[in-house]
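Take a look at the letters that make up each chain.
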Number of protein chains: 2
Amino acid sequence: MPRPRRPLLTRDRIVETALALIDADGLGALSTRRLAAALGVQGPSLYNHFATKDDILDAVADTVTGAVDTSGFASRDWTAALRDWAWSYRRALTAHPNIVPYLAQGPGRRPAALAMADAVYGGLVRAGWPPARATHIGAALRYFVAGSALGSFARGFVEDPELYAAHYPHLRQAHRLAEHQQSVDEGAFALGLDALLHGLAAEYTRTVGTVESARPKG
Amino acid sequence: MPRPRRPLLTRDRIVETALALIDADGLGALSTRRLAAALGVQGPSLYNHFATKDDILDAVADTVTGAVDTSGFASRDWTAALRDWAWSYRRALTAHPNIVPYLAQGPGRRPAALAMADAVYGGLVRAGWPPARATHIGAALRYFVAGSALGSFARGFVEDPELYAAHYPHLRQAHRLAEHQQSVDEGAFALGLDALLHGLAAEYTRTVGTVESARPKG
DNA sequence: TCCCCTAAACTAGCGGTGTAAGTTTTCATT
DNA sequence: AATGAAAACTTACACCGCTAGTTTAGGGGA
């Protein structure tokens, strides 16, 4: 097949299909040939639109990150904005859990990640946090969200309780975790996020100023 | 070469060499043939000792996790024990950063991970936390540590500041992050951990009891 | 309008991957 | 002493990411 009258591929179509395949079958099941086949095309044709497979994955990661909402930093006080952002961030990642290992690992140089960092950092500095502190806070929240989306804690446990009872006395009821996987993970996230924000608020009043100065500038 | 008089391979030697290769060249550079070559052996010989490559990686992950110290839960109050554990956990992971993506992702069914969960969960319950809360706290800390070890926040930034100034106004000084990568990541971890523990301590006094009841049982 | 360069598909193929299958020889057990 | 398992080997398969070279359609300049 020579050059077709209308291009069969576009970057958007490739990224979209790649994300669908990753969601359906996992990161390891995405090969250039399988992706191309899903697009009705031969493997190497992808290289007319992307330089490497990693470039495709970067683009996929960028669209996932792009779904994160940071608008709270423009309108709400910094603790509420952080909370909204963290939950939105988590939702964006858990909506596509199979890409998270790639996304969390790779560089934050992708546009959507930079825009997100910019919004968070800017919002915290505007709220009165010293720049170095703002950096740390953004990073700490990112750690927590990425970790929570990466490996489900509960998923690691298995249904058979006997496996645990013998060697790990306190985990005798751990098999129940498998049943309530999602609620355990979300509960742990909610608890940890609340604790983090509580601790940060205490640090804020201790080192930055009163609650009043935390109002958005508008 | 037939069966040698003394076995050339042992599980321990394989795991040890695999970890060294991963540390040196990254997870992606570990192939069964390269690993075997480093052991003075042909690729498929590994399958006399491990069923799959993933089994090898699981064993590597288990030895890394095994270096985490949870002894604080036996002797210190729960906040100090959590802090010690989190730092030890982080040190164990950052000592072998290349294996972290695999480790953080996979199931927690490996013995060392189970033993760790057992110690943490048991320690928190003994301190008076309700079982469900203890599960959430252990998971939340795990999220935070894994996320912090997984992707360096600072590493994502690049030296050239002009790349940022144009589109991301608040990141104008982000290039400095690259210089202080390690201290930024550690500072973010320290800040986040302190905030988390502060928030958990507040939750403890609010819902569980006074500080007195948090003493270790002994 | 003709020409030509670029774009976007193709086919063929390279070196590498995990692992299955079967072979050979040594060691340990009966 | 015989036997069977263990631990190395070789060969081979299907797949991987990617390169090189080919073919033709489309668009811009003479």
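### Quick word on the relation of the copies chain A and chain B
And then number 1: The transform that puts chain A on chain B rotates by 180 degrees and translates by 0.0 Å along the axis, for an RMSD of 0.0 Å. Taken together, the rotation and translation relating the two chain copies correspond to the operation of a two-fold axis.
And then number 2: A shared interface surface links the copies, since 100% of the contact residues of chain A are contact residues in chain B too.

### With respect to the protein's contact with DNA strand C
And then number 1: Taken together, 26 residues form the shell around DNA strand C, and within it Leu 8, Ser 45 and His 49 of chain A together with Thr 32 and Tyr 47 of chain B come nearest.
And then number 2: Here a phosphate oxygen of DNA strand C and a side-chain polar atom of Ser 31 of chain B are 3.0 Å apart.
And then number 3: Between DNA strand C and Tyr 47 of chain B there is a distance of 2.4 Å, counted from a phosphate oxygen to a side-chain nitrogen or oxygen.
And then number 4: A class-by-class count of the residues in the surface near DNA strand C yields 12 nonpolar, 7 polar and 7 charged.

### Concerning the side chain of Asp 118 of chain A
And then number 1: For Asp 118 of chain A, the location among the structural elements is in helix H7 (residues 111-126).
And then number 2: Buried and unpaired, Asp 118 of chain A has Arg 126 of chain A as its nearest opposite-charge partner, separated by 7.7 Å.
And then number 3: Beyond its immediate chain neighbours, meaning those up to four positions away, Asp 118 of chain A contacts Tyr 168, Pro 169, His 170 and Leu 171 of chain B.

### Brief notes about the pattern of salt bridges
And then number 1: Counted under the stated rule, the structure contains 12 salt bridges over all chains.
And then number 2: One salt bridge connects Glu 203 of chain A with Arg 206 of chain A, and the closest N-O pair in it is separated by 3.3 Å. Within this pair, Glu 203 of chain A and its partner Arg 206 of chain A are both found in helix H11 (residues 181-207), separated by 3 residues, close to a single helical turn.
And then number 3: Taking the relative accessible area as the measure of exposure, Glu 203 of chain A reaches 10% and is therefore buried.
And then number 4: Its relative accessible area of 54% is what places Arg 206 of chain A among the exposed residues.
And then number 5: Between Asp 25 of chain B and Arg 34 of chain B there is a salt bridge, and its shortest N-O distance comes to 3.3 Å.
And then number 6: The exposure class assigned to Asp 25 of chain B is partly exposed, which follows from its relative accessible area of 44%.
And then number 7: Salt bridges here are not isolated pairs; linked through shared partners, they connect Arg 133, Glu 203 and Arg 206 of chain A.

### Some remarks on the protein's contact with DNA strand D
And then number 1: Neighbouring residues of DNA strand D: 26 residues in total, closest Thr 32 and Tyr 47 of chain A together with Leu 8, Ser 45 and His 49 of chain B.
And then number 2: The sugar-phosphate share of atoms of DNA strand D within 4 Å of the protein amounts to 62%.
And then number 3: Separating a phosphate oxygen of DNA strand D from a backbone N or O atom of Leu 9 of chain B is a distance of 3.0 Å.
And then number 4: Between DNA strand D and the protein, one listed contact pairs a phosphate oxygen with a side-chain N or O atom of His 49 of chain B at 2.6 Å.
And then number 5: Element by element, the count of residues in the surface near DNA strand D is highest for helix H2 (residues 32-38) of chain A, at 3 residues.

How each quantity is defined
The residue numbering used here restarts from 1 in each chain and proceeds along that chain's sequence as written. Here chains are named by letter from A upward and ligands by number from 1 upward, in the order in which they appear as written. Residue-level local features of this predicted model are given only where pLDDT is at least 70; pairs of side-chain atoms are given and counted only at 80 or more, and the full residue set underlies all totals for whole chains, interfaces and linings. Hydrogens and waters are ignored; side-chain quantities use all the structure's heavy atoms. Here the copies were fitted onto each other by least squares, based on C-alpha atoms from residues at pLDDT of at least 70 in both. The criterion used for residue contact is that any of the two residues' heavy atoms lie within 4.5 Å. Near, as used in this document, describes a residue that has one of its heavy atoms within 4 Å of the molecule or strand being considered. Pairing of N or O atoms within 3.5 Å defines a polar contact, subject to two protein rules: one partner must be a possible hydrogen donor and the other a possible acceptor, and residues neighboring in sequence count only if both atoms are side-chain atoms. Three classes are used: nonpolar for Ala, Val, Leu, Ile, Met, Phe, Trp, Tyr, Cys and Pro, charged for Asp, Glu, Lys and Arg, and polar for all others, with Gly counted as polar. Here a strand is any run of E in DSSP of at least two residues, a helix any run of H or I of at least four, and the numbering for each starts at the N terminus. Burial classification: accessible surface area is computed with a 1.4 Å probe over protein chains only, and a residue below 20% of its type maximum counts as buried, one above 50% as exposed, and the rest as partly exposed. Charge assignment in this entry is limited to Lys and Arg as positive and Asp and Glu as negative, and neither His nor the chain termini are counted. Salt bridges are defined by distance alone: a side-chain nitrogen of Lys or Arg within 4 Å of a carboxyl oxygen of Asp or Glu.

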